[in-house]
Amino acid sequence: MKKTVRDIDVAGKKVLVRCDFNVPMQDGKITDDIRIRSALPTIRYLIEQQAKVILMSHMGRPKGEPKPEYTLKPVADRLAELLEMEVKFIPSPTVVDAEVEAAAAELQGGQVMLLENTRYRKEETKNEEPFTGELAKLGEIFVNDAFGTAHRAHCSTAGLASYMPAVSGFLIEKEVKFLGDAVEDPERPFVAIMGGAKVGDKIPVIENLMKKVDCLIIGGGMSYTFFKAMGYEIGKSILDEESIGLAKELMEKAEAAGVELLLPLDTVCAEEFSNDSRQAIFDRDQIPADMMGMDIGPKTISLYTETLKKAKTIVWNGPCGVFEMPAFAEGTKAIAAALAESGAVTVIGGGDSAAAVEQFGFADKMTHISTGGGASLEFLEGKELPGIACLEDK
Ligand code: ADP
Ligand code: MG
């Protein structure tokens, strides 16, 4: 267990907090502030404790240079509105300079300042000096609350931990609790659903989960690589050619480990990769040469939803079809609904899977939707994330 802000005395201390304020922007305006609002519990807690709060984040990819279109000024303004208080912001092209140092030194307990985009500095993504040391001079305690970048060792996500006591904020605490408990200490039966486009991307996750689950369900574009490995014709379906051998190995590993591996029984096929294409349903060994698999079929939906009803823990990563096209969203929608109704602990990892659950209106029915796309995948792979590993143990 990692220490959190609750486990350390922050009153009157200068606390450097790494947040994920990497919000979508259009014409200098924030188009979705969910990431800012998600950071508020940790910030409010620190304010209540009379800490001197110094916030840090990256936004976009300014590639180590100060680029005005990536300034965090709009984030400072939005934060000030949400917190209903002043958020000091100095638009320093070097992130830290004499003016920033003076402002940090003058902060009073309960006051908040935000630094400029950490990726204005080329050292940031390489976790190099002198930037880490410059940041470190500003504070006395490091709080990491940016799960989305926790799989990267950057100055502001991991480097700072070698200078001062380091603990997690509430967002990282929640991610570690739900992702960690689901995988390491699941109530059984434990079922994982893996989908998405390519098997290649997900092999390490599948291999790790295979050691833990009772049942592994495969859906989405990766199914066709498994079908190919089974010797079926897959027509124009998406194929991850290099992973055919791996798919075969995974099937053998599942058998050897006594893990139930479920593959689609039937598939909704289309002539073109288009919402308006003519479509038809085929059993998995009957896919016509001139069509492509776009979604799981009705037999598969009933097999999968029946299995999910019995589960006590469900981890889901990767949509079961091309859910962005309404004509091929039924399978993904049915799986989302099955999770919502399952009564199991349900954990969603992966950007597109999270988007699908939101889009179909089931978000508030899930136990936990991870906010970190790449980070949640690395977590499910069983990797130690540098932004979490660097924090103090309880
Ligand atoms: P996540 O972001 O949740 O980890 P991925 O990025 O791995 O998920 O996969 C999501 C993508 O997979 C979606 O864009 C979806 O359209 C695509 N996909 C799902 N099924 C198919 C399919 N049968 N053919 C092509 N693409 C598919
Ligand atoms: Mg994705």
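That block above? That's the structure.
Examining helix α9 (residues 298-310)
Here is step 1 of the chain: Given a rise of 1.5 Å per residue, 13 residues ought to cover 18 Å, and the 19 Å separating the end C-alpha atoms of α9 matches this to within 8%.
Here is step 2 of the chain: Inspection of α9 places Thr300, Ile301, Tyr304, Thr305, Thr307 and Leu308 among the buried residues, and these make up the whole buried set. Down the axis of α9, the buried side of the element spans an arc of 160°, and every buried residue falls inside it. In α9, the exposed residues that point more than 90 degrees away from the buried face are Lys309 and Lys310.

Observations concerning the environment of Ile238
Here is step 1 of the chain: Along the chain, the position of Ile238 falls in the loop between α7 (223-229) and α8 (244-257).
Here is step 2 of the chain: The sequence separation of Ile238 and Met294 amounts to 56 residues, and the corresponding C-alpha distance is 8.9 Å.
Here is step 3 of the chain: For Ile238, the residues in contact, after removing those within four places along its chain, are Ala197, Gly221 and Tyr224.

So, the environment of Ala197
Here is step 1 of the chain: Within the secondary structure layout, Ala197 lies in the loop between β9 (190-194) and α6 (199-210).
Here is step 2 of the chain: Exposure remark for Ala197: the relative accessible area of 46% places this residue in the partly exposed category.
Here is step 3 of the chain: Separated by 42 residues in sequence, Ala197 and Leu239 place their C-alpha atoms 8.8 Å apart.

Focus: the sheet that holds strand β4 (residues 52-56)
Here is step 1 of the chain: Taken together, the 6 strands give an open sheet; going across it, the order is β5-β6-β4-β1-β7-β8, and neighbouring strands pair in parallel fashion. Strands at the two margins of the open sheet, each flanked by one partner only, are β5 (87-89) and β8 (166-168). Between one strand axis and the next, the sheet turns through 25° on average, direction left out of account.
Here is step 2 of the chain: Relative to strand β7 (residues 141-144), strand β1 (residues 14-18) runs parallel, the two being bridged by 4 bridges.

Notes on the site of ligand 1
Here is step 1 of the chain: Around ligand 1, 19 residues are found, and the nearest of them are Lys202, Gly321, Glu324, Asp352 and Ser353.
Here is step 2 of the chain: Within the contact set of ligand 1, an oxygen atom lies 3.1 Å away from a side-chain nitrogen or oxygen of Asn317.
Here is step 3 of the chain: Within the backbone of Gly321, a nitrogen or oxygen atom sits 3.5 Å from a nitrogen atom of ligand 1.
Here is step 4 of the chain: Starting from 580 Å² of accessible surface for ligand 1 in isolation, the protein chains cover 85%.
Here is step 5 of the chain: Those elements that place two or more of their residues in the shell around ligand 1 are β14 (292-296) and α11 (351-359).
Here is step 6 of the chain: Here the element with the most residues in the shell around ligand 1 is α11; it accounts for 3 residues.
Here is step 7 of the chain: Split into classes, the residues belonging to the shell around ligand 1 amount to 6 nonpolar, 10 polar and 3 charged.

Rules and cut-offs
- Along each chain, residue indices are assigned from 1 in the same order as the chain's sequence is written.
- Whichever chain is written first becomes A and whichever ligand is written first becomes 1, with later ones labelled in order.
- Reporting in this predicted model follows two pLDDT cut-offs: at least 70 for local features of residues, and 80 or more for side-chain atom pairs to be given and counted; totals over whole chains, interfaces and linings ignore these cut-offs and use all residues.
- By convention in this description, side-chain values take in all heavy atoms of the structure and omit both hydrogens and water.
- Numbering of helices and strands starts at the N terminus; helices are DSSP runs of H or I of at least 4 residues and strands are runs of E of at least 2.
- To estimate the expected span of a helix, count its residues, drop one, and scale the result by 1.5 Å.
- The classification of residues rests on relative accessible area computed with a 1.4 Å probe and restricted to protein chains. Under 20% of the type maximum is buried, over 50% is exposed, and intermediate values are partly exposed.
- Here the arc refers to the set of directions running from the helix axis out to each C-beta atom.
- The contact rule is simple, with two residues in contact once any of their heavy atoms fall within 4.5 Å.
- DSSP calls a pair of strands paired once it identifies at least 2 bridges connecting them.
- Angles shown run from 0 to 180 degrees and are taken between the N-to-C directions of axes, each axis being a line fitted to C-alpha atoms and, for helices, limited to the stretch in contact.
- If a single non-hydrogen atom of a residue is within 4 Å of a molecule or strand, that residue counts as near it.
- As used in this structure description, the phrase polar contact means that two N or O atoms lie within 3.5 Å; if the pair is within protein, one of them must be able to donate a hydrogen and the other to accept it, and residues adjacent in sequence are counted only when both atoms belong to side chains.
- Computed with a 1.4 Å probe, the accessible areas rest on the Shrake-Rupley method; for each residue, only the protein chains presented here act as cover.
- Only Asp, Glu, Lys and Arg are considered charged in this grouping, and only Ala, Val, Leu, Ile, Met, Phe, Trp, Tyr, Cys and Pro are considered nonpolar; every other residue, Gly among them, is considered polar.

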